[in-house]
Amino acid sequence: MGTHPRGASVIAKTNTSLEQWISQNPECLGSKVMERFSGKLPFLFKVLSVNISLSIQAHPNKALAEELHRRDAAHYADSNHKPEMAIALSAFEGLCGFRPAAEIAEHLQTTAELQAVVGTDNVTSFVQAVHGSSGALSTAVSLQQCFAALMQCPRETVREKLASLESRLQTDAACNYSWCSTIAQPPAARLFLRLYKQFPGDVGCFAIFFLNHMKLKPGEAMFLGPNVPHAYLYGDCIECMACSDNTVRAGLTPKFIDVPTLCAMLDYRCRTVDENKFTPVQQGGAGGAGVSVYDPAVPDFSVLRVELAAGEMDYTLPLVDSASILLTVQGEADAYSGSLGEEPIYVTRGTVLFISAG
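Conventions used here
- Residues numbered from 1 in each chain as written.
- Predicted model: local features only at pLDDT ≥ 70, side-chain atom pairs only at ≥ 80, totals over all residues.
- Heavy atoms only, no water.
- 1 Å grid on protein atoms, 1.4 Å probe; cavity = no way out; pocket = protein on both sides within 12 Å on 5 of 7 lines; lining within 4 Å.
- Points joined across faces, edges and corners; volume = space filled by probe spheres on them.
- Nonpolar A, V, L, I, M, F, W, Y, C, P; charged D, E, K, R; others polar.
- Phe/Tyr/Trp six-rings, centres within 6.5 Å; stacked < 30°, edge-to-face > 60°.
- Helix = DSSP H or I, 4+ residues; strand = E, 2+ residues; numbered from the N terminus.
- Buried < 20%, exposed > 50% of the residue type's maximum accessible area, 1.4 Å probe, protein only.
- Pairing = 2+ DSSP bridges.
- Patch = residues over 30% accessible without salt bridge, like charges linked within 9 Å, V, L, I, M, F, W, Y side chains within 5 Å.
- Areas by Shrake-Rupley, 256 points an atom, 1.4 Å probe, with all protein chains shown as cover.
- Salt bridge = Lys/Arg side-chain N within 4 Å of Asp/Glu carboxyl O.
- Axes fitted to C-alpha atoms, helices over the stretch in contact; angles between N-to-C directions.
- Left-handed = near helix turned anticlockwise from the far one by under 90°.
- Contact = heavy atoms within 4.5 Å.
- Parallel < 35°, antiparallel > 145°, perpendicular 65-115°, else oblique.
- Core = buried A, V, L, I, M, F, W, Y, C linked by side-chain atoms within 4.5 Å.
- pLDDT = per-residue confidence, 0-100.

So, empty space enclosed by the protein
Move 1: By the definition in use, this model includes one cavity of 30 Å³ or more.
Move 2: Taken together, Gly-97, Phe-98, Val-228, Asp-267, Arg-269, Arg-271 and Asn-276 make up the lining of the largest cavity.
Move 3: Considering only residue class, the lining of the largest cavity consists of two nonpolar, two polar and three charged.

If you want it as structure tokens, here you go:
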């Protein structure tokens, strides 16, 4: 939903593309958006239903996006950044950011196949950094060395060690992990087996031991800022993002993986699952409606989730000084606007409306 050239929305009654309509009526964006984004709608709104995991990836900041576009326009087709917000509609699973350092160290120390592809010296250096040993590298620097070693490991070695780990974990799974000694945490083992079935031999199956496994309830969210590694694994979500295609992939994909750029750009700070969740601001709406505001520190977008109280028959959307896209997730209503006169628009699950600024 939006004006992206690979899938621009169309106005139902006229079959006019939203991009064309906005170009003919630029004031609909609001003065601030018109000025800052050169008369373009700056965001893209999506509904994703993930059954097979999407690629592990990260998105560059604005400066890096411009550099990558200049250097390799075939793989980086525009010069914009691509911050994203994923808001769960159902139970939703993803990967987001690097795990706490102690968890990563435990995986590296207890998984022989992972040690083999990362390298014993790199593992030792990282464990020393985690324990604060005298003369050790910083945790972030040592983590970067470990992750780069994984990504640069010969593909044949990766495939061999993944197959070995998969075989051992299948044996543990048959025993319900009651004596699991090949890997630190059974939940990570289960996730590995799921992803290996989808992407056998893919280096992304090893990357999960570095990244947080996020499990979101409906309404919970994660913000995917510049350089944060992430993936969507399963479930339904709303996604809002800056309008760009710039993606640097790390795994779970047959597509192009730019290893040097990826390893140099990633944010190697270690955080917990809870620290990677984005907490919306709760506001009271008219008539008892609950309004959740997801407003990350980027100028391109924010998301409002409006949930009407049971039995509420009337609700007036708040005025905002920029154009909006409204998606109906549940329920039905007649929508009225001064610009429409007395003729309402019937909205129900899946109805999408474009609302001009003001």
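Description of the packing of aromatic side chains
In this description, a pair of aromatic rings is defined by centroid distance and the angle of the planes.
Move 1: Inspection of every chain in the model, using the stated rule, returns eight aromatic pairs.
Move 2: Between the aromatic rings of Phe-98 and Tyr-268, the centroid separation amounts to 5.2 Å while the plane-to-plane angle is 25 degrees, which identifies the pairing as stacked. Of this pair, Phe-98 sits in strand β4 (residues 92-98) while Tyr-268 is found in the loop between α11 (259-265) and α12 (273-276), placing the two residues 170 residues apart along the sequence.
Move 3: According to the relative accessible area criterion, Tyr-268 is buried, its value standing at 7%.
Move 4: Taken together, the ring pairs connect Phe-98, Phe-147, Phe-210 and Tyr-268 into an aromatic cluster.

Topic: the pairing of strand β5 (residues 211-216)
Move 1: Among the six residues that make up β5, five are buried, leaving the element largely enclosed by the rest of the structure.
Move 2: Pairing of β4 with β5 involves five bridges; the strand directions are antiparallel. Counterpart to Glu-93 in the pairing with β5 is Lys-215.

Overview of a nonpolar patch on the surface
Move 1: Taken together, the side chains of Leu-304, Val-306, Leu-308 and Leu-317 define a hydrophobic patch exposed on the protein surface, amounting to about 290 Å² of accessible area.
Move 2: Structurally, the position occupied by Leu-317 is in the loop between β11 (303-307) and β12 (324-327).

Digging into the packing of helix α4 (residues 101-110) against helix α6 (residues 120-130)
Move 1: Packing of α4 against α6 leaves a shortest axis separation of 10 Å and a crossing angle of 145 degrees. Between α4 and α6 lies a crossing of left-handed hand. For the pair α4 and α6, the contacting residues are Ala-101, Ala-102, Ile-104, Ala-105, Leu-108 and Gln-109 in the first and Val-123, Phe-126, Val-127 and Val-130 in the second.

Details of the sheet that holds β11
Move 1: What the three strands build is an open sheet, ordered β9-β10-β11; its pairing is antiparallel. The open sheet has two edge strands, β9 (281-284) and β11, and neither has a second partner. Strand-to-strand twist of the sheet, defined as the mean angle between neighbouring strand axes without regard to direction, takes the value 25 degrees.
Move 2: Summarising the sheet, strand β10 (residues 290-294) and β11 pair through five bridges and their orientation is antiparallel. In the sheet register, Val-291 faces β11, and the bridge partner there is Val-306.

Examining the layout of surface pockets
Move 1: Its boundaries defined by the atoms lining it, the second largest pocket holds a volume of some 740 Å³.
Move 2: If you trace the second largest pocket, you find 33 residues lining it, with Gln-57, Lys-82, Thr-247, Arg-249 and Lys-255 closest to the centre.
Move 3: Broken down by element, the residue count for the lining of the second largest pocket peaks at five residues, all from strand β7 (residues 230-242).
Move 4: Class assignment of the residues belonging to the lining of the second largest pocket gives a composition of 15 nonpolar, nine polar and nine charged.

Quick notes on the packing of α6 against helix α7 (residues 139-152)
Move 1: Taken N-terminus to C-terminus, the directions of α6 and α7 make an angle of 155 degrees; their axes are 9 Å apart at the nearest point. It follows that α6 is roughly antiparallel to α7 by the angle criterion. For the element pair α6 and α7, the recorded crossing hand is left-handed. Between α6, through Asn-122, Val-123, Ser-125, Phe-126, Ala-129 and Val-130, and α7, the contact on the second element is made entirely by Thr-139, Ser-142, Leu-143, Gln-145, Cys-146 and Ala-149.

Remarks on the side chain of His-4
Move 1: Here His-4 lies in the segment before α1 (18-24).
Move 2: Judged by its relative accessible area of 7%, His-4 falls in the buried class.
Move 3: In this structure, His-4 is in contact with Leu-44, Cys-243, Ser-244 and Asp-245, ignoring residues within four places of it in sequence.

Topic: the nonpolar core
Move 1: Core analysis: the largest hydrophobic core is formed by 55 residues, its most contacted members being Phe-98, Leu-108, Val-118, Phe-147, Phe-192, Phe-206 and Phe-210.
Move 2: Sorting elements by how many residues they give to this core places helix α9 (residues 186-198) first, with seven residues.
Move 3: Grouped together as the second largest cluster of nonpolar side chains are 22 residues, Cys-28, Phe-37, Tyr-294 and Ile-325 included.

Some thoughts on the confidence of the model for the protein
Move 1: Across the protein, pLDDT averages 91, with 93% of residues at or above 70.
Move 2: The element-level mean pLDDT for the protein is lowest in β9, coming to 84, with strand β3 (residues 84-88) highest at 98.
Move 3: In this model, residues 177-184 is a region of pLDDT below 50 whose contacts with residues beyond four sequence positions or in other chains number 25 contacts.

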